[in-house]
Amino acid sequence: MRANARVAAASVMLAMISASGGARAQTTPLPAEAFANLPAFDHPHLSPDGKHFAVIQSSNGRSAVQVYPVNAPGATPIVCNSTDTLIENVTWAGNNRLLIQIRLNQRVNDRLYTFSRTLMTKPDCSDPHVLFAQDPLAGRYLPAPFFLGLDPGDPNTMFMEMYGDNRNGSGHVSLFDTGGGVSGGPSTRNLYRVSLKDGSYELWQPGSYFTIGWSVDGAHVAARVDMYKDRSLHVKIPLKDDWKEISSFNLGAEPEPHVAGLTSDGTSLAIIKRSAEGTRSLYPEDLKTGSLGTALFTNSAYDMHEALYDDASRRVIGVSFADEGEKYVYFDPARTKLQRLLEKTFPAMAVTMSSSDQDGHAIIVRVDGGSTPPGYYYFEPATMHASAIGSAYPDLAGKPLGTLKSYVYTARDGTKIPGYLTIPPGREAKGLPMVVLVHGGPDGREILAFDWRAQFLASRGYAVFQPNYRGSAGYGSAFTNAGIPVWNLRAQDDITDGVKKLIADGVADPKRICIAGEDYGGYAALAGAAFVPDLYACAIGVAPVTDLRRVAGEMERGLHSASLGVAYWNSRIGDPEKDRAKLDAASPALHADAIKIPVLLMHGRDDTWVPIDQSLVMQSALQSAGKNVTFVQLNGDDHYLEFAATRLQVLSELEKFLKANIGR
């Protein structure tokens, strides 16, 4: 798929800037399909020998894996046909096997569950094997088996981590324990040797009843991670006939600390934990003594986002974090130098090395401009040449898109709140109809990156405001915890203060503001309608939480009562019994009579995260109160809007509703 002529990286960048920034505004809006289509190029991964790359691409509105030869420009890719499953990731296990992580939703005993599996195929997508398909736990609501690496002594064997059933204890607690899954009973995480020939497997190392994860180094087990019922984390290393605990951490309601993997030199574990300033940081823990060394990465203002891994060794080589846009920090000087070079080549862009061959001779680079769709390049460090190989949204290439910029404002108590503002193409930031687009979580966050929803709204002439209210992740525990639990409504105040500042700045027309969001963002939209009734002209909730006590109770019933999952939900929402009055006071469904504006509700029928009942309860309450409400059921899709047809339906309904309520 490489271009016939190699293009210098700087020239590629100049062409990209010219195509996007130099385009003139057009009078006919871009078709909604151009934004609703699934990414045409996503998660590319080079084979270890650098001869092929696999990538997730859209096919008939659904995701499919396609495999390209690197040195055959114009070659037709091999396509692994998409089915009713959802493709989450693709990686290589050696040069001759692909591992495709798939997901599907199924109803069992009148309850909807999400199942994850790993499919192994040859690079031509033949000889497929669903790994662990015959395992007794395969029918349970459990994560897919996780690829840990190849056996250095046997090229036909890989190591994987997977839940197993070791009936030798009294039970354990997982991060989001389901009490044994759909069919009930205990489970733990074991290590397995898996054949790359036929997918057959054998137990390599059993976990204890408390095991939640492993770190391996080739064919050597480096450490085991257990979590006890008191939600304490215990790191253990293997001795000759036993295990030695080298450290323990109290988790409380948080998913941290946790073990990211081995450091690049193999002598330590990379531990993600909070620094003294409360930011998510990375520390080396000596495998012999358990002592923590000086932080590999810490930032007093921002949390690390993810650990970065070497494709070949699977060791931790760096981290990502976001100040405004995504940043990438590597611990190796050579990688650091290359990252800086790429950032200079693509100025003002978020640039990451997505994948490389085993020798580092070829790299796939991802570039995100915020106001331009993500693009991918095949880059050879030795020659400093790059070839464009794909775009996430090719139908938007060279088209006028909204201008995305940072917007920091001061909340009523003096706290600085970060946010982002997208201005429609060809428009001044003055007197615009505006959509307040609230992120989910509540502890998600927005960054300076391309957003298909925001860009669609901007293409229709709306300014888009995306605040990182208190409760958002990324700015340290104090900032996150200040907006949690939901019922304290501090996050809602932060959103309100941002809207009022945009009105005062003259950016937003005060009579044409709509608040919208998904998940917690949907809750915030409806809470805005109920508790700030004169600020907005309309509200849109997609998969919203509307009755806090009801959803908290449903989460408790779906999770093991002692699990970290319950602790997490209680911290974010509240205890359905102890906090009854506060939860009811903050639930939009219980205050429908206060809402004065039109409301649009949309919800996936197969949503396994926020039950569709949450929208139905809100619809019923609004109808009973004689309010203007429209409910749209999204059939065949789940919480995350996985299919192009659903995304198009959502955008079409948004466009129609907004035009009727805040359009010209």
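Computed from a predicted model, the values in this text were never measured in an experiment.

Trainee: Help me understand the nonpolar core, please; the structure alone is not making it clear to me.
Mentor: A general tendency of soluble globular proteins is for nonpolar side chains to be buried together. Counting 55 residues, the largest nonpolar core has Met-434, Val-436, Phe-465 and Tyr-536 as its most contacted members. In this structure, Leu-396, Phe-450, Leu-634 and Leu-658 belong to the second largest nonpolar core, which totals 35 residues.

Trainee: I keep staring at helix α7 (residues 520-531) and nothing clicks. Help me out?
Mentor: Given 3.6 residues per turn, any residue in an α-helix points the same way as the ones three and four places further on. The end-to-end C-alpha separation of α7 is 16 Å, in line with the 16 Å expected for 12 residues at 1.5 Å each. When you tally the buried positions in α7, you get 11 out of 12 residues, the bulk of the element. Taken as a whole, α7 has its buried residues at Tyr-520, Gly-521, Gly-522, Tyr-523, Ala-524, Ala-525, Leu-526, Ala-527, Gly-528, Ala-529 and Ala-530.

Trainee: Looking at this structure, I do not really get the packing of aromatic side chains. What am I missing?
Mentor: Describing an aromatic ring pair means giving the distance of the ring centres and the angle of the ring planes. Under the definition given, this model contains 21 aromatic pairs. Taken together, a centroid distance of 5.3 Å and an interplanar angle of 20 degrees make the contact between Phe-53 and Tyr-68 stacked. Linking Phe-53 in strand β3 (residues 52-59) with Tyr-68 in strand β4 (residues 62-69), this pair joins segments that are 15 residues apart in sequence. When its relative accessible area of 7% is taken as the criterion, Tyr-68 is described as buried. Ring geometry for Tyr-520 against Tyr-523: centres 5.4 Å apart, planes inclined by 40 degrees, an arrangement best described as tilted. In this pair, Tyr-520 and Tyr-523 both sit in helix α7, three residues apart, roughly one turn of the helix. With a relative accessible area of 5%, Tyr-520 lands in the buried category. Residue classification places Tyr-523 among the buried positions, given a relative accessible area of 1%. Each member of the aromatic cluster is reached from another via a ring pair, and the members are Phe-297, Tyr-302, Phe-321, Tyr-475 and Phe-479.

Trainee: I would appreciate a short explanation of the state of the cysteines in the present structure.
Mentor: A covalent bond between the sulfur atoms of two cysteines is what we call a disulfide. Using the criterion set out here, one finds two disulfides in the structure. Across the disulfide, Cys-514 is cross-linked to Cys-538 (sulfur-sulfur distance 2.3 Å). Looking down the S-S bond of the Cys-514 and Cys-538 bridge, the torsion is -135 degrees, so its handedness is left-handed. Of the two residues, Cys-514 sits in strand β34 (residues 508-518) while Cys-538 sits in strand β35 (residues 538-542), which places them 24 residues apart along the sequence. Taking relative accessible area as the criterion, Cys-514 reaches 0% and is therefore assigned buried.

Criteria and thresholds
- Residues numbered from 1 in each chain as written.
- Predicted model: local features only at pLDDT ≥ 70, side-chain atom pairs only at ≥ 80, totals over all residues.
- Heavy atoms only, no water.
- Core = buried A, V, L, I, M, F, W, Y, C linked by side-chain atoms within 4.5 Å.
- Buried < 20%, exposed > 50% of the residue type's maximum accessible area, 1.4 Å probe, protein only.
- Helix = DSSP H or I, 4+ residues; strand = E, 2+ residues; numbered from the N terminus.
- Expected span 1.5 Å × (residues − 1).
- Phe/Tyr/Trp six-rings, centres within 6.5 Å; stacked < 30°, edge-to-face > 60°.
- Disulfide = S-S within 2.5 Å.

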